[in-house]
Amino acid sequence: MCRFWDISLIICFSVSVMFVGGDNISELPPPPQNLTFIWETPFRLSLTWEKPEDLDRSCIVNYTVNVHHSQECSGKYDSRRVQALGCKLNISNEKGLCISVTTNLENCGKSGSSQATNISIAPPSVRLVENRSYEYSHSKMNCTWIPVVDVQDLSLYYWLPRYESVKKCIPDETLKPRGCIIHDEFLKDTLDIFYLFNGTYNGTSVFNTFTDERPVKYVKLNKPQLTIHKDRQKLIFQANGSDLDEFAEECYSYIYTISKCNKNSTVKDKEHYEVQYDPACKYRARVQVNFSQKCGAGKSDLSDEVEYGEDSDPKLPALLAVIIIPLIVSLCLLVSLVLLRRHKDIIFPQIPEPSLLFKDMLINNIRTPEELQSPATGRLYIPLEEVVESKISLEPDTPFVPMMKNEPK
C-alpha cells in the first residue's frame, strides 16, 4: 500500500514539473522577425528587423544585438542594446560575422529575453594581405604588410568615424616589404580606425577590411642617447630622447640595462638614474624608452652601449706584492753576486804581507809571564840579523853546447 502511494506521488510531481516548464517556455517573449542587413560602406553595416507579433502595447520592448567576429555565434562578442527596429554598426569583415538579435520585455506579463534570431555573413573570398604592422609617431603612422596573392594595383585606404569618406594611404617604397604612410592630425585622439585593402584579382575587384587598436597603441620612439658622468661618489646615467614632446611627461618611462663588474641588472626609472660608484668596476649601460600603458603602448630601440671605468681586482695589489717583491729581491741579489764576483779585486783588495821588520817587532815585544812580574824589567828591541849573501858572482851568458859522444873508431 505504501509502495503504491510513493509511486503516485512521483507521477504527480513529474506531471506538475512538465506543466510548469511548458508554461515558462510559452511565457518567453517572441524573437524579432525578418532580420536583414546591408553594407552602406565597406565599414558600416546596417541591420533591420521587425517587431514580434502578439505583444501587448503596454510592454516596453528593446533589443539586444550581439556581434561575433566569426561565422559561428560562439565565443567572445560585442553587445549593445537598442530600442529601435534596427541599428548601424561600424565594423570590419575580416573573418566573417555572426549577428544575433533578441527581444527584451519590461513592465509586461511576459518578461525576460527571447530566443535569438541569427544572421551569418561570409568573409571575403580572397585574403589579400597578412602580417600587418604599424608604427605611430607625431601624427604619422607607417603601415606595412605582406601580400598573400599577386595583386598589382593593391592599395590601402583608411577611415576614421569622424570622416564621411575613405582616404588613401600614401605609398612609400622605402617601407618593406610593402607599406604606406597615414598622415592625419586626428590619429593621436582616434579610438577606432578602419583599413581597406583594394585590388583586382583574376579580373575581379576584391577588397578586405580590417580594424585594429587605436594608433597610440603602436607608438614608435626614436632611439635615445645615453651619457654617463661621475658626480662625487655617484655615477649618473642620463637618457636623452629627441621626440619625447608629443605626450605628457608621465607617459614615458626609462628601462636601464646596466652591467657592473660583468653582473647585469635592469631597473626602471626616470630620465636619469644614479648609483653608488665603485672604482673597482667597469660599467656598461644601455637605455630604452617605453611608452606607458596608461597612455598607449610602444617603445624605442635600445641605445648604443656606453662604458665607464675599468675592471680591477681588489685583491690584485696584495697579490702583486706577494709575487713581485720576492722576485725583485731575488733579482737584485743575483745581480749583486755577479757584480761582486766580477769586481772582487776592487771591492776587496789584497793586503800585502808585512815585512820581516814588523814581524820581528811584534815578536820581540812579547813579554813572558816572568818578565811581567817586574814592571821595571824590560828589554830593548834587538833587531834580527838579516841574512845577506856576501859573495855575489855573475856568470856570462854562454850558449848551450850539447856534448858529443866519442864515436868508436
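As a reminder, the structure under discussion sits directly above these lines.
A description of the packing of aromatic side chains should follow, citing residues and the corresponding values.
Here the structure, examined in full by the defined rule, presents 15 aromatic pairs. Taking 5.6 Å as the distance between ring centres and 40° as the angle between the ring planes, the aromatic pair formed by Phe43 and Phe194 counts as tilted. Residue Phe43 is located in the loop between strand 1 (33-41) and strand 2 (44-50), and its partner Phe194 is located in strand 15 (residues 193-201); the two are separated by 151 residues in the primary sequence. Overall, Phe43 belongs to the buried group, its relative accessible area being 0%. Judged by relative accessible area, Phe194 falls into the buried class, the value being 3%. Centroid distance Trp49 to Tyr63: 5.6 Å. Interplanar angle 65°. Geometry classified as edge-to-face.

I'd like to hear about unusual backbone geometry, residue by residue, with values.
Residues Lys176 and Pro177 are joined by a peptide bond in cis, for which omega reads -5°. Mapped onto the elements, Pro177 comes out in the loop between strand 13 (170-171) and strand 14 (178-183). The phi dihedral of Cys261 is positive, around 55°, even though this residue is not glycine. Summarising the element assignment, Cys261 is placed in the loop between strand 20 (252-260) and strand 21 (263-269).

Outline the nonpolar core, listing residues and values.
Formed by 52 residues in total, the largest nonpolar core has its most connected members in Leu128, Met141, Ile182, Tyr195, Phe237 and Tyr256. Here Leu128 is in contact with Ile146, Pro147, Val148, Val149, Val151, Leu154, Phe197, Asn198, Gly199, Val206, Phe207 and Asn208, once residues within four sequence places are set aside. Ranked by size, the runner-up nonpolar core spans 20 residues in total, among them Leu47, Val82, Val101 and Leu105.

Can you break down the state of the cysteines residue by residue, with the values?
Using the criterion set out here, one finds 4 disulfides in the structure. For Cys169, the disulfide goes to Cys180, at an S-S distance of 2.0 Å. The sign of the S-S torsion, about 105°, decides the handedness of the disulfide formed by Cys169 and Cys180: right-handed. Taken together, the residues span a long stretch of sequence, with Cys169 in the loop between strand 12 (167-168) and strand 13 and Cys180 in strand 14 at a distance of 11 residues. Each member of the pair, Cys169 together with Cys180, is buried. What pairs with Cys261 in a disulfide is Cys281, and their sulfur atoms sit 1.7 Å apart. With the S-S dihedral at roughly -105°, the linkage between Cys261 and Cys281 falls on the left-handed side. Here Cys261 is found in the loop between strand 20 and strand 21, whereas its partner Cys281 is found in the loop between strand 22 (272-276) and strand 23 (283-291), with 20 residues between them in sequence. Take Cys143: it sits in no disulfide, and the sulfur closest to it among the cysteines is that of Cys169, at 4.6 Å.

Conventions used here
Residues numbered from 1 in each chain as written. Predicted model: local features only at pLDDT ≥ 70, side-chain atom pairs only at ≥ 80, totals over all residues. Heavy atoms only, no water. Phe/Tyr/Trp six-rings, centres within 6.5 Å; stacked < 30°, edge-to-face > 60°. Helix = DSSP H or I, 4+ residues; strand = E, 2+ residues; numbered from the N terminus. Buried < 20%, exposed > 50% of the residue type's maximum accessible area, 1.4 Å probe, protein only. Core = buried A, V, L, I, M, F, W, Y, C linked by side-chain atoms within 4.5 Å. Contact = heavy atoms within 4.5 Å. Disulfide = S-S within 2.5 Å.

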